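Overview (structure and organization)
Here is what each chain is made of, one letter per residue.
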Amino acid sequence: MYSQTKIAIPIFQEKIEDVITVANDCINKGADILEFRIDALKEPNFKDIKYAIEEINFPIIATNRIESEWGSFKGSEEERIDILYKCADLVEYVDIELQSNDEYIEKIHKSGVKTIVSYHDFEKTPEIDEITYIVEKELELGDIAKVAFMPHDLEDTLKILAILSHCKNTIAISMSDLGSYTRVMASKFDSPITFAAGRDATAPGQIDIETMKALLNMDLNILD
């Protein structure tokens, strides 16, 4: 039986023309969905963003990451959310951080787009109870929960597998090389999406798309 987990590839480019070029390259490499990191754009404006999305014409997660979670958007919070809201009719998912104002999350969720409510900690991995609380809060606000944590040891990575095994509609990632295997194992727990790298590695431990697909196919063949 084949996993339903989609492989997403982030696009992290400063210029719209490069976003389109890299997106097409990632599609050719076998991406199931693209994560458009709008915050990477040097001069983001909705007209250009809309043009890029329509030109790519492929399933997209619109993400405009805040600085506190390794994002690069320089405008105001109102401007950041406005861009995401305007993207809602053009993309398959909008990713918005849990630490965003609840009214902003609700505004985007009510637009009808599928929402990924996310939380990243690039320093540590909390205890399972705390991670579970975060995931449950995210699922109350959106359609899919996403958590990504930095492991200090193997036990931290096992916490992520425990979350994947118990929480539905959840993307859970253990970052760095130590936790990179959790990105592959996510498909065994029917996580909706896992992330791989095309040209742009946007988080520690991302596996390139070719290796990811080979690992998934090898594992699935063994199971069959």
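Cut-offs applied
Residues numbered from 1 in each chain as written. Predicted model: local features only at pLDDT ≥ 70, side-chain atom pairs only at ≥ 80, totals over all residues. Heavy atoms only, no water. UniProt positions renumbered as here; feature names shortened; annotations may be inferred. Helix = DSSP H or I, 4+ residues; strand = E, 2+ residues; numbered from the N terminus. Contact = heavy atoms within 4.5 Å. pLDDT = per-residue confidence, 0-100. Buried < 20%, exposed > 50% of the residue type's maximum accessible area, 1.4 Å probe, protein only. Polar contact = N/O pair within 3.5 Å; in protein donor to acceptor, adjacent residues only side chain to side chain. Phe/Tyr/Trp six-rings, centres within 6.5 Å; stacked < 30°, edge-to-face > 60°. Lys NZ or Arg CZ within 6 Å of the ring centre and 35° of its normal.

The protein goes by 3-dehydroquinate dehydratase in an unreviewed UniProt entry, where it is assigned to Methanobrevibacter oralis. The UniProt entry for the protein carries the following text under Function (unreviewed entry): "Involved in the third step of the chorismate pathway, which leads to the biosynthesis of aromatic amino acids. Catalyzes the cis-dehydration of 3-dehydroquinate (DHQ) and introduces the first double bond of the aromatic ring to yield 3-dehydroshikimate." The protein has a UniProt comment under Pathway (unreviewed entry) that states "Metabolic intermediate biosynthesis; chorismate biosynthesis; chorismate from D-erythrose 4-phosphate and phosphoenolpyruvate: step 3/7."

Mapped onto this structure's residue numbering, the UniProt feature "binding site: 3-dehydroquinate" (unreviewed entry) falls at Glu35, Phe36, Arg37, Arg65, Arg183, Thr202 and Gln206. As for its position among the elements, Glu35 is in strand E2 (residues 33–37). If we ignore the near neighbours within four places in the chain, the residues touching Glu35 are Ile9, Pro10, Ile11, Ile61, Thr63, Arg65, Asp95, Lys146 and Phe195. Within the secondary structure layout, Arg65 lies in the loop between strand E3 (60–63) and helix H3 (77–87).

Once that is clear, we can look at the confidence of the model for the protein. Scored by pLDDT, the protein has a mean of 91; 92% of the residues are at 70 or more. Below pLDDT 50 for its whole length, residues 219–224 participates in eight contacts with residues either more than four positions away or in separate chains.

The sites that carry the UniProt feature "active site" (unreviewed entry) are, in the present numbering, His120 and Lys146. Spatial clustering of the annotated residues is evident: they stretch over 27 residues in sequence, but the largest pairwise C-alpha distance comes to 8.3 Å. With respect to the element layout, His120 can be found in strand E5 (residues 114–121). Its relative accessible area of 11% is what places His120 among the buried residues. The contacts of His120, once residues within four sequence positions are left out, are Arg65, Glu69, Lys146 and Ala148. Among the polar contacts made by the side chain of His120, one reaches the side chain of Glu69 at a distance of 2.7 Å. Aside from chain neighbours lying at most four places away, what touches Lys146 is Glu35, Arg65, Asp95, Ile116, Val117, Ser118, Tyr119, His120, Glu138, Ile171, Ile173 and Phe195.

Before going further, it helps to examine the packing of aromatic side chains. Enumeration over the complete set of coordinates arrives at two aromatic pairs. Ring geometry for Trp70 and Phe122: centres 4.0 Å apart, planes at 5°, overall stacked. Within this pair, whereas Trp70 is found in the loop between E3 and H3, its partner Phe122 is found in the loop between E5 and helix H5 (128–141), the two being separated by 52 residues in sequence. You can call Phe122 buried: its relative accessible area is 13%. Over the ring of Phe195 we find Lys146, and its NZ or CZ is 4.2 Å from the ring centre.

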